[in-house]
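# Structural overview for review
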Amino acid sequence: MTTSNHDTHFSQQLNTLLGATHTLIQGLSNASVTCELLTQAISALSSLTQARYGAIAILKGDEIEHFITYGIDDDLQRRIGRLPMGEGVLGKTLHSRSALRLNNIADAPDAVGFPAEQPEMRSLLSVPIATSSHLFGQIYLCDKENSEPFNEIDEQVVHNFASSLALVLDNIQQRQAKERAEEQTRLHAKAFENSAEAVIITDHNGRILSINQAFIRITGYTLADVTDKSPSLLSSNRQRRSFYMRMWKELQEHGYWHGELVDRRKSGEAFPAWLSISSIKNSQGQTSNYVGLLSDISERKRFQKQIQYLAYYDSLTNLPNRALFNDRIRQLVASAKRNSGSFAILSIDIDHFKNINDTHGPVVGDKLLHQLATRLLRTIRVGDTAARLGGDKFGITVTNLSRPEDAAITASNILNSLATPFKIKRQEIYITASIGISIFPADGNDATTLIKHAEAAMFHAKSHQRNHFQFYQPEISANRSKRLRLENDLRQALDHNEFVLHYQPKVDFNNWQINSVEALIRWQHPT
């Protein structure tokens, strides 16, 4: 081939290389380099340098992401395998970022990196695909078709191509990084707008810069209403100045604060809120912004109140239950001890209430209890407590007792109020009640003892004279304890076979004949 023809051929191949490079740059529109583009590139490059074999290795971290070959069939590629990452001449050039040109691979047997059964490959040209800051991969060319070694011109051509490819890959990475950053920004903006919590962003002086839709929904204020204003416009004035001083102190010391407060909507309505505030630092470590997250906890508060109500109030009568009644008695005990005062406990039980339920049904019974609770509230004094202790049992506190007769007056008023029939479902139902009274401190110094003695007095009234009230007397407890012990001993006697049956004959004195017998049960009590 003449010099002129050689120059023409070289010019044509160079144009082909430039076309392949241009095609790669065109691929930037897809923000990726495909195997097809890499195949076109190594093919053009191998043809330009007259290499029999060629390969491009593209890295992803420390692993080869793409390995595109030219002139190597499947069987040969299977025997060669992937290029080693850290061994042999190929691995060394990959990590040294330096070009390597060998006229005879056999001259460096310790650095070849190909398996022993490789075909004969003499010359090698390896050039890194790299920028000044990043290594993207390596270009490998083996054996020129004319068996001549690769020369400086070949190395320059491949180097120029590798540099162009590195710029392409670098642009792709930058574009992908920019797209990821933009996508992250879009996600943050979407999260900001769609957050269920109100988000407030202020400058370092606490002036509002931005809010989200949840803020508008919760507070009623728009962005135009709050821009460049202080979040204090939400203040309900229910927190003291010391509250905000502690909040800012913690925020300045720790960069974070959270707590509960009461804010005010644009409409003027106050609402409970949970607020979290974080400070944002700039590159100099100075506070540049504050971000607040505000939640309306009105529903949570209502739920808490409902739970508290169910724990301390009777759902049928809306009166305090036994737990709250006991707590209030403990408070009365503590107050009376401090002030040397006195108060009374009334234990009320409806007479024959079971008969009402059995006759009229539980629905009527419930309505009766509800109306009874209303009458009790109308009868007792302001400051006293009426409670449902369970079933048909109620409790009353009579506070600021100057004499025991004051408790008797309240008990009489309750009995008189029950004398009027209850009208339920066009029926008139008459009831009476038995009431027991215990007095602090004469009948006990604690809530448990006072309630126990009031109930003992109530049971005494119930067993002796219904529709009556009874003050507690020590003998009532003694008799009740004796009765309870007797009932308990009788149950144990049945279990332990302590009862013995005896037959006693009855004799007719006229003829001295036994005409009948008496059956007697004797109790062989262990004591």
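Everything quoted here is computed from the prediction, not taken from an experiment.

## Remarks on the environment of Gln40
Inspection of the secondary structure puts Gln40 in helix H2 (residues 35-49). Residues Gln40 and Tyr70, 30 residues apart in the sequence, show an inter-C-alpha distance of 9.5 Å.

## Some thoughts on the environment of Ser47
Position of Ser47 relative to the elements: it lies in helix H2. Residue Ser47 is classed as partly exposed on the basis of its relative accessible area of 31%. Between the C-alpha atoms of Ser47 and Glu145, which are 98 residues apart in sequence, the distance is 9.7 Å.

## Side note on the packing of aromatic side chains
What the rule picks out here adds up to eight aromatic pairs. Ring centres of Phe469 and Phe471 lie 6.3 Å apart, and the angle between their planes is 80 degrees; on these two criteria the pair is classed as edge-to-face. For Phe471, a relative accessible area of 23% translates into the label partly exposed. Their ring planes at 65 degrees and their centres at 5.3 Å tell us that Phe509 and Trp512 sit as a pair that is edge-to-face. On the basis of relative accessibility, which here comes to 62%, the residue Phe509 falls in the exposed class. Each residue in the set Phe243, Tyr244 and Trp257 is aromatic and connected to the rest through ring pairs, giving one cluster.

## A few points about the sheet that holds strand S10 (residues 287-296)
Across the sheet, which stays open at both edges, the five strands sit in the order S7-S6-S10-S9-S8 with antiparallel pairing between neighbours. The outermost strands of the open sheet, each flanked by one partner alone, are strand S7 (208-211) and strand S8 (256-264). Across the sheet, the mean angle separating the axes of adjacent strands is 25 degrees when strand polarity is ignored. Bridge count for strand S6 (residues 198-203) against S10 is six bridges, and the pairing is antiparallel. Counted as the bridge partner of Ala198 is Leu294 from S10. Along the sheet, helix H8 (residues 241-254) makes contact with S8, strand S9 (270-281) and S10, crossing S8 at roughly 150 degrees.

## Here we look at the confidence of the model for the chain
Per-residue confidence for the chain gives a mean pLDDT of 84, with 85% of residues at or over 70. Here residues 111-117 is modelled with pLDDT under 50, and outside its nearest four sequence neighbours on either side it reaches 17 contacts, counting other chains as well.

## A short note on unusual backbone geometry
Look at the link from Phe440 to Pro441: it is a cis peptide, with omega at 5 degrees. Looking at the element boundaries, Pro441 is found in the loop between strand S16 (433-440) and helix H14 (447-464). Not every positive phi belongs to a glycine, and Asn318 is a case in point at roughly 65 degrees. Note that Asn318 resides in the loop between helix H9 (298-312) and helix H10 (322-339). Of note in this structure, Asn400 is not a glycine but carries a positive phi near 50 degrees. Examined against the element boundaries, Asn400 turns out to sit in the loop between strand S13 (393-398) and helix H13 (404-419).

## Quick notes on the pairing of strand S4 (residues 124-130)
S4 sits mainly inside the fold: six of its seven residues count as buried. Strand direction decides the pairing type here: strand S3 (residues 100-102) and S4, joined by three bridges, are antiparallel. Following the sheet pairing, Leu102 is matched in S4 by Leu124. Inspection of the sheet shows S4 paired to strand S5 (residues 135-144) by seven bridges, in the antiparallel sense. When the bridges of S5 are listed, Leu125 appears paired with Leu141. Taken together, S4 and the strand that follows it, S5, pair antiparallel across an intervening segment of four residues.

## A short note on the sheet that holds strand S12 (residues 386-390)
If you walk across this open sheet you meet the five strands as S12-S13-S11-S16-S17, and the pairing is mixed. Only two strands of the sheet have a single partner each, and these edge strands are S12 and strand S17 (468-471). Adjacent strand axes in the sheet meet at a mean angle of 25 degrees, parallel and antiparallel pairs treated alike. Here S16 pairs with S17 via four bridges, running parallel. Counted as the bridge partner of Ser434 is His468 from S17. Taken strand by strand, H10 contacts strand S11 (343-350), S12, S13 and S16, and its axis lies near 160 degrees from that of S11.

## Some thoughts on the pattern of salt bridges
For the structure shown, the criterion picks out 21 salt bridges. Residue Glu253 pairs with Lys249 through a salt bridge whose shortest N-O separation is 2.8 Å. Residue Glu253 and its partner Lys249 are both found in helix H8; the two are separated by four residues, about one turn of the helix. Judged by its relative accessible area of 49%, Glu253 falls in the partly exposed class. The partner of Glu260 in a salt bridge is Lys301, and the shortest N-O contact between them spans 2.6 Å. With Glu260 in strand S8 and Lys301 in helix H9, this residue pair connects regions lying 41 residues apart in the sequence. Residue classification places Lys301 among the partly exposed residues on the basis of a relative accessible area of 27%.

Definitions and cut-offs
- Residues numbered from 1 in each chain as written.
- Predicted model: local features only at pLDDT ≥ 70, side-chain atom pairs only at ≥ 80, totals over all residues.
- Heavy atoms only, no water.
- Helix = DSSP H or I, 4+ residues; strand = E, 2+ residues; numbered from the N terminus.
- Buried < 20%, exposed > 50% of the residue type's maximum accessible area, 1.4 Å probe, protein only.
- Phe/Tyr/Trp six-rings, centres within 6.5 Å; stacked < 30°, edge-to-face > 60°.
- Pairing = 2+ DSSP bridges.
- Axes fitted to C-alpha atoms, helices over the stretch in contact; angles between N-to-C directions.
- Contact = heavy atoms within 4.5 Å.
- pLDDT = per-residue confidence, 0-100.
- Salt bridge = Lys/Arg side-chain N within 4 Å of Asp/Glu carboxyl O.

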